[in-house]
Structure formats: C-alpha cells, structure tokens
Amino acid sequence: MAAYRGRFAPSPTGPLHFGSLVAALGSWLDARYHQGTWLVRIEDIDPPRERAGAADAQLRTLAALGLHADEPVLRQSTRGAAYEVALNALRASEQVFACRCSRSDLAPNSGLHLACVTRPSGTQAALRFRPLASVVSFADRLHGKQTQAVPDTIGDVVLRRADGLHAYQLAVVVDDAAQGITDVVRGADLLASTTPQIALQQALHLPTPRYLHLPVVLDNQGRKLSKSLTACPIDDQQPLTALRAAWRFLFPDVSTPVGNTPTEWLRQAVDAYCPGALDRRNRPVSS
Ligand code: GLU
C-alpha cells in the first residue's frame, strides 16, 4: 500500500476560523498517527470570493499552531494548465459538454442540472461533467458506506464556470492525484461532493484516495460556521486554547491532551489520537 499522504486544503476566503482548524488538526493528526506526510494546499481558484492576504494569514496561523506542512505549499492559482489537460482528456472521452443554462434557468429544479433547458439564457458556456459511471459507492472511514446515483442526485457538475474559472470539483481531483494524496480528511460538508469526485477520478483514470469526513462546526442557527457572521478567527497568540477546543470538538469523550507549547501539546495529541473515537455529529461548539 502507498505511504500515507494527507492534506489540508483551505480556500483563502478569510482568516482561519474554528471550523477550518478542526479540519486542519484532524487531517494533521491522522497523517502523523499513520506516520505519513501532511501537505497544505491553498485552493485559490475563485478570486471573486477571496480576500487579499487571507492565504498568508491562514499559513501564519497554522505555523503559530505548530501545524507545519512537510512539503512546499501548492497554490491552485498556478495549476490552470493541469486543469485544462484534464478537461481535454474528458472531452476526448465525451464526458464533458458546454452548457449555457443560467442559475435562474435551473431554479425550478433547485439548481440541479439533469439536462439543458430548451432555451438557455446564459451568454457564455460553462463546461459540465456527465460521467459514464452511474452509481458510485465508497466507504467513508467514519460514516461507513455511501452510495449515490451520479449524476441523477448530484446533477451534471460544473468543471469550468461560464466566467472561465476552473471549478473546485475539477481542481480538487486533479491536485489530489498530482500530489499523490492517499487519504482525504476534511469536513462532512463535502461528503456529498465525494461521489462526483470519485466519478471524475474514474473518468480521468486516477486513483481514489480513502476518505474520512470530520464533523462540521455549526453556528447556533445550524449553518456551517464559515458561512456565518460568527466565524471568529483563531487568535495566533492563544494557540493552545484553539488546539484544545478543536480536540474537544473532535473527541468530546477523550480527555484533552496537555502540553505547555503547541509542539509539546501536538506530540501528546498524536499519542492520544484514535480515529475510532471521533465524534460524528455536526454541531455547534457548545454542545
Ligand atoms: N477548499 C475546501 C474548503 O475550504 C476544502 C476542499 C477539500 O478539502 O476537498 O472548504
């Protein structure tokens, strides 16, 4: 079996907040527990949603927490040519098509694209993926067997947007493979994105990593923390407070490791880490 390679892949839309820290710590611990390599990838492919300086601030916070990448950080903004190569391969196998359906064209179907509307209203064409595989299954390490009819339940996912930007689903699949990722550990908000990603891996003849989807931090209205106004940034001056809180969220039933510095605390945390004890529930921090 290939040596473990994991990653944390934040989008630089703001400072690192508690929800992303949970994913960062979970993926780091799982990599260290397996004596693997841990990478950081900045997913900066959506400039309209990004904030200037956010990627560097996220990297500074990770460093303050003692979470250091084992290899140079990869920035997706440098990877456009690789995404185009993948699109060309998919074109050759007739698994992508141009689509001018706008958001409002798809609104009656709750945004789901199962076929182009008769008179699409978009001016520029997006590229969508329609895989040959119809049903995709995988065993999530925490949530067990997941099966989805792709594309019937997900619809035809966008790989290149009408504004020309490459979409997350394409970039994540191309880069997980390019970086030799064997284990994806990330938030459960991406659980439903996993089957289209696996269908895309199959279409591109790329290996499928193992997946573990961590519980998502919700605000008091039940929304993912990063989407809410209460997404407080992590205080770089209080790394131990942040690390302990993230541990308690992941492992409410396992005593919190001790340590006077982030490095010491992380060493104890690797010893205490037990993937079988991870909590599965998406919930607010307080409960
Ligand atoms: N960039 C994504 C996010 O910040 C994570 C992607 C992934 O881990 O696959 O939500």
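Within each chain, residue numbers correspond to sequence positions counted from 1 in written order. Reporting in this predicted model follows two pLDDT cut-offs: at least 70 for local features of residues, and 80 or more for side-chain atom pairs to be given and counted; totals over whole chains, interfaces and linings ignore these cut-offs and use all residues. Computation of side-chain values covers all heavy atoms of the structure but excludes hydrogens and water.

A few words on the site of the ligand. Near, as used in this document, describes a residue that has one of its heavy atoms within 4 Å of the molecule or strand being considered. All residues in the neighbourhood of the ligand are listed as Arg 7, Ala 9, Pro 10, Ser 11, Glu 43, Tyr 168, Val 172, Arg 186 and Leu 190. A distance of 2.9 Å is found between a nitrogen atom of the ligand and a side-chain nitrogen or oxygen belonging to Ser 11. Note that an oxygen atom of the ligand is positioned 2.8 Å from one of the side-chain N or O atoms of Arg 186. A 1.4 Å probe and the Shrake-Rupley method give the accessible areas. Residues count as covered only by the protein chains that appear here. Taking 300 Å² as the accessible area of the ligand by itself, protein coverage stands at 81%. When residues are grouped by polarity, Ala, Val, Leu, Ile, Met, Phe, Trp, Tyr, Cys and Pro land in nonpolar, Asp, Glu, Lys and Arg in charged, and all others, Gly among them, in polar. Of the residues that constitute the shell around the ligand, the class distribution is five nonpolar, one polar and three charged. Residues adjacent in sequence count toward polar contacts only when both atoms are side-chain atoms; beyond that, a polar contact is any pair of N or O atoms within 3.5 Å, and within protein one must be able to donate a hydrogen and the other to accept it.

By definition, two strands form a pair when at least two bridges between them are found by DSSP. Strands are runs of DSSP state E lasting at least 2 residues, helices are runs of H or I lasting at least 4, and numbering of each runs from the N terminus. The five strands lie next to each other as β3-β2-β1-β9-β10, forming an open sheet whose pairing is parallel. Here the strands that pair on one side only, and so sit at the sheet edges, are β3 (74-75) and β10 (210-214). Bridge analysis of strand β1 (residues 5-8) against strand β2 (residues 37-42) gives four bridges, and the strand direction is parallel. Counted as the bridge partner of Arg 7 is Leu 39 from β2. On top of the sheet, helix α2 (residues 54-64) reaches β1, β2 and β3; it is set at about 155° to β2, its chief contact. Residue contacts follow a heavy-atom distance rule, with two residues in contact if any of their heavy atoms lie within 4.5 Å. To obtain an axis, a line is fitted to C-alpha atoms, over the contacting stretch when the element is a helix, and the angle between two such axes runs from 0 to 180 degrees between their N-to-C directions.

Moving on to the side chain of Asp 140. With respect to the helices and strands, the residue Asp 140 is situated in strand β6 (residues 135-140). Think of it in three bands: with a 1.4 Å probe and only protein chains considered, a residue is buried below 20% of the maximum accessible area for its type, exposed above 50%, and partly exposed in between. For the charge count, each Lys or Arg is scored as positive and each Asp or Glu as negative, with His and the chain ends excluded. Each reported salt bridge corresponds to a side-chain nitrogen of Lys or Arg within 4 Å of a carboxyl oxygen of Asp or Glu. One buried charged residue, Asp 140, forms no salt bridge at all, with the nearest opposite charge on Arg 186 at 7.4 Å. Here Leu 142 takes part through its backbone nitrogen, which lies 2.9 Å from a polar atom of the side chain of Asp 140. At 2.7 Å, the side chain of Asp 140 and the side chain of His 213 are in polar contact. Not counting chain neighbours up to four residues away, the residues in contact with Asp 140 comprise Gln 146, Leu 191, Tyr 211, Leu 212 and His 213.

Take the nonpolar core next. Formed by 39 residues in total, the largest nonpolar core has its most connected members in Phe 18 and Leu 67. If you list the elements that add at least two residues to this core, you get α1 (18-33), β2, β10, α7 (239-250) and α8 (262-272). Among the elements that take part in this core, α1 stands out by supplying nine residues, more than any other. Beyond its immediate sequence surroundings of up to four residues, Phe 18 is in contact with Val 217, Leu 225, Cys 232, Ile 234, Ala 242, Ala 245, Ala 246, Phe 249 and Val 285. What we call a nonpolar core is a set of buried Ala, Val, Leu, Ile, Met, Phe, Trp, Tyr and Cys residues that are connected through their side-chain atoms within 4.5 Å.

So, about the environment of Leu 159. Its place among the elements puts Leu 159 in strand β8 (residues 157-160). Between the C-alpha atom of Leu 159 and that of Tyr 83, which follows or precedes it by 76 residues, the distance is 9.2 Å. Beyond its immediate chain neighbours, meaning those up to four positions away, Leu 159 contacts Leu 87, Leu 90, Val 96, Leu 127, Arg 128, Phe 129, His 166, Ala 167, Gln 169, Leu 170 and Leu 200.

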